[in-house]
Amino acid sequence: MRASKYVEPALVMESKKKVVEEQQSHEKVVNWEDYQHEVARLSSLSSAVNEANYNKSLMQEKLNDYLQFEAESLSWSNQLDEMREKLEARKLVMGNTSMNLKVVQEKAKKQEDELNSQIRSLLMAGTSLSVASRSLQEENNSLAGERGYGHLKNVQKLLRMRQQFLVFQISLLYPVKVATGHTFDQELDSYSNNSKSGNPSGVKALDASGSLTISGLHLTVLPFKKMSFFTDKKEVQSSATALGYVAHAVSLIAFYLETPLRYPLRLGGSRTYICDYAPSVEPTSSDFTSISLPSLSSKPMEFPLFLEGQDTTRSAYAVFLLNKDLEQLLNFIGVESLGPRHVLANLKELLNNIFSPDYINL
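The model shown is predicted, which means the values in this text are computed figures rather than measured ones. (Residues numbered from 1 in each chain as written. Predicted model: local features only at pLDDT ≥ 70, side-chain atom pairs only at ≥ 80, totals over all residues. Heavy atoms only, no water.)

Trainee: How should I be thinking about the packing of helix α5 (residues 313–332) against helix α6 (residues 343–355) in this particular structure?
Mentor: In a pair of packed helices, the angle between the axes and the distance between the axes together describe the arrangement. Running from amino to carboxyl end, α5 crosses α6 at an angle of 20 degrees, the nearest separation of the two axes being 10 Å. When the interaxial angle is binned, α5 and α6 end up roughly parallel. α6 is crossed by α5, and the crossing has left-handed handedness. Residues Val319, Leu322, Asn323, Leu326, Leu329 and Leu330 of α5 lie in contact with α6, whose contacting residues are Val343, Asn346, Leu347, Glu349 and Leu350. Across the contact of α5 with α6, the residue classes tally to eight nonpolar, two polar and one charged. (Axes fitted to C-alpha atoms, helices over the stretch in contact; angles between N-to-C directions. Helix = DSSP H or I, 4+ residues; strand = E, 2+ residues; numbered from the N terminus. Parallel < 35°, antiparallel > 145°, perpendicular 65-115°, else oblique. Left-handed = near helix turned anticlockwise from the far one by under 90°. Contact = heavy atoms within 4.5 Å. Nonpolar A, V, L, I, M, F, W, Y, C, P; charged D, E, K, R; others polar.)

Trainee: When you look at a nonpolar patch on the surface in this model, what are you seeing that I'm missing?
Mentor: Side chains of Leu63, Tyr66, Leu67, Phe69 and Trp76 sit close together on the surface and give an oily, nonpolar patch of about 550 Å² of accessible area. Here Tyr66 lies in helix α2 (residues 35–144). (Patch = residues over 30% accessible without salt bridge, like charges linked within 9 Å, V, L, I, M, F, W, Y side chains within 5 Å. Areas by Shrake-Rupley, 256 points an atom, 1.4 Å probe, with all protein chains shown as cover. Salt bridge = Lys/Arg side-chain N within 4 Å of Asp/Glu carboxyl O.)

Trainee: Sorry if this is basic, but what is going on with the nonpolar core here?
Mentor: Nonpolar side chains tend toward joint burial in soluble globular proteins. Counting residues in each nonpolar core, the largest one holds 42 residues, and the members touching the most others are Ile253 and Leu322. Residue assignment for this core shows that the elements contributing at least two residues are α3 (149–173), β2 (211–214), α4 (233–256), β6 (301–304), α5 and α6. At nine residues, the largest contribution of residues to this core is made by α5. (Core = buried A, V, L, I, M, F, W, Y, C linked by side-chain atoms within 4.5 Å. Buried < 20%, exposed > 50% of the residue type's maximum accessible area, 1.4 Å probe, protein only.)

Trainee: Looking at this structure, how should I read the sheet that holds strand β1 (residues 176–179)?
Mentor: Sheet strands pair via backbone hydrogen bonds, and the direction of the pair is either parallel or antiparallel. Pairing is antiparallel across the open sheet formed by three strands, whose spatial order is β1-β2-β3. At either margin of the open sheet sits one strand with a lone partner, and together these are β1 and β3 (217–218). As defined by bridge partners, β1 adjoins β2 across four bridges and the pair is classed as antiparallel. Its bridge partner lying in β2, Val178 is registered against Leu212. Those strands touched by α6 are β1 and β2, and its axis lies near 75 degrees from that of β2. (Pairing = 2+ DSSP bridges.)

Trainee: Just checking my understanding: could you explain α6 for this structure?
Mentor: Because each turn of an α-helix spans 3.6 residues, side chains separated by three or four positions end up pointing in the same direction. Between the first and last C-alpha of α6 there are 19 Å, a value that for 13 residues agrees with the 18 Å anticipated at 1.5 Å per step. Residues of α6 that are buried make contact with α3, β1, β2, α4 and α5. (Expected span 1.5 Å × (residues − 1).)

Trainee: Honestly, unusual backbone geometry in this entry has me stumped. Any pointers?
Mentor: Glycine aside, the phi torsion of most residues is negative, and most peptide linkages are trans. Not every positive phi belongs to a glycine, and Ser215 is a case in point at roughly 55 degrees. Looking at Ser215, the relative accessible area reads 32%, which means it is partly exposed. Unlike most non-glycine residues, Glu258 shows phi in positive territory, near 55 degrees. Secondary-structure assignment places Glu258 in the loop between α4 and β4 (265–266).

Trainee: Looking at this model, I keep getting lost on the sheet that holds β6. Mind explaining?
Mentor: The sheet built from three strands is open, its strands ordered β4-β5-β6 with antiparallel pairing. Each edge of the open sheet is held by one strand with a lone partner, namely β4 and β6. The sheet contact formed by β4 and strand β5 (residues 273–276) spans two bridges and is antiparallel. Residue pairing in the sheet places Arg266 in a bridge with Tyr273 of β5. α5 contacts β4, β5 and β6 of the sheet and is inclined by roughly 100 degrees relative to β6.

Trainee: Sorry if this is basic, but what is going on with the packing of aromatic side chains here?
Mentor: Each aromatic ring pair is described using two quantities: the centre-to-centre distance and the angle formed by the ring planes. One pass over the full model with this rule turns up six aromatic pairs. Taken together, a centroid distance of 5.2 Å and an interplanar angle of 35 degrees make the contact between Tyr174 and Tyr245 tilted. With a gap of 71 residues between them, Tyr174 in the loop between α3 and β1 and Tyr245 in helix α4 connect regions that are remote in the sequence. Here Tyr174 falls in the buried class, since its relative accessible area comes to 11%. Judged by its relative accessible area of 26%, Tyr245 is partly exposed. Through a chain of ring-to-ring contacts, three or more aromatic side chains come together here, namely Phe303, Tyr317 and Phe320. (Phe/Tyr/Trp six-rings, centres within 6.5 Å; stacked < 30°, edge-to-face > 60°.)

Here it is as C-alpha cells:
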C-alpha cells in the first residue's frame, strides 16, 4: 500500500514534464525584426478565421434554411400526394355518380313518357266520362219524363194484365178443379193447402185429400207404373188425354209469358210428344226425381206423353219432363215447384199465382 502511494506522485510528475516539453517544442522563437510581419500575418489570419467563421455561420444558417425548406417541401409533397389521391377518389365517385345520374335521368325520362301517356289516357277517359255522364243525365231526364220509367211500369202492368186475361181464358178452356171421392193413392196429383207459395190468390183452401182434374179428367199413376193385359184401356186413354190438355195449356202459357220452354212440346192431343235435347240414350230407370242422363249428342229425342205398348219408362220420363217445364214457368214468376211428380198441382199453383194481384207488380 505504501509503495503504491509513492508511485502515483511520480507518474504525475512525469506527465507534467512531458507536457511542458511538448509546449516548448511547439513554441517558435521570432526575431524582433520579424515580429511586426508576424503580427500582421497573425492579424490577417485572425481576420480570415473570423471571416471563415462568419461565412461558416452564414452557410450554417443557409443550410438550416435549406433543410427546413426541404422538410417543408417534403411535407407539402406528401400533402399534395394525399390531395391527389383524394382528388382521384373524388373523380371516381363523381364518375360513378355521373353514370348513376344518367341512369336515373333515363328512368325519369321513361317515367315521364309513361306519365304523359297516362295523362293523355286520363284526359281521353275524362272526356269519354263527361260524354257518358251527359248521356246518362239525358237518359235519366228521358226516364223521368212522360215516356220514361213510369211509362214503362205502366206498360208492364198493362202487359201483365193482358197476360192474366189470356191465362184466364186458358183456365176456362182447361179448368183445373178438385174432385172428391177418388182414391188418393191412385192419383198422380193431389192439391194441398200446404203449398210452398201459400195461397196468394185468396181462394178457399182445398182439402188435403182432394185430387185434381183437368177438364174433368183424372191423371192416374197406375198406368205409368205398370202395364198388363188387365189394365183399363179407358183409364190409359183418359190419362193420355189429360196429359195432352196439360201440355197444350203449358204451351199456351209459355207463349203468352214469352218464355221458351226448356223441353219443347209437339202437340197432338192425346198423342203429344215432349222433346229432350240432352240425352242420346233411352232412360232405363223409373226414378226420374234423381235421373241424370249424359249429353252425348245435340239431336233431340221425343218422348210420348202416352203409353206405347208395354214399355212405360219413356212415358214416365215424358211426364217428368213436362213437370220440369211447369217448374220452369213457376220459377220464372218467382214461385217454387210443389214437387217433381205433381203435374196438375203445379199447373194450378201456376194459374193461382198469375191470377194474384202481386203478379201485376212483379
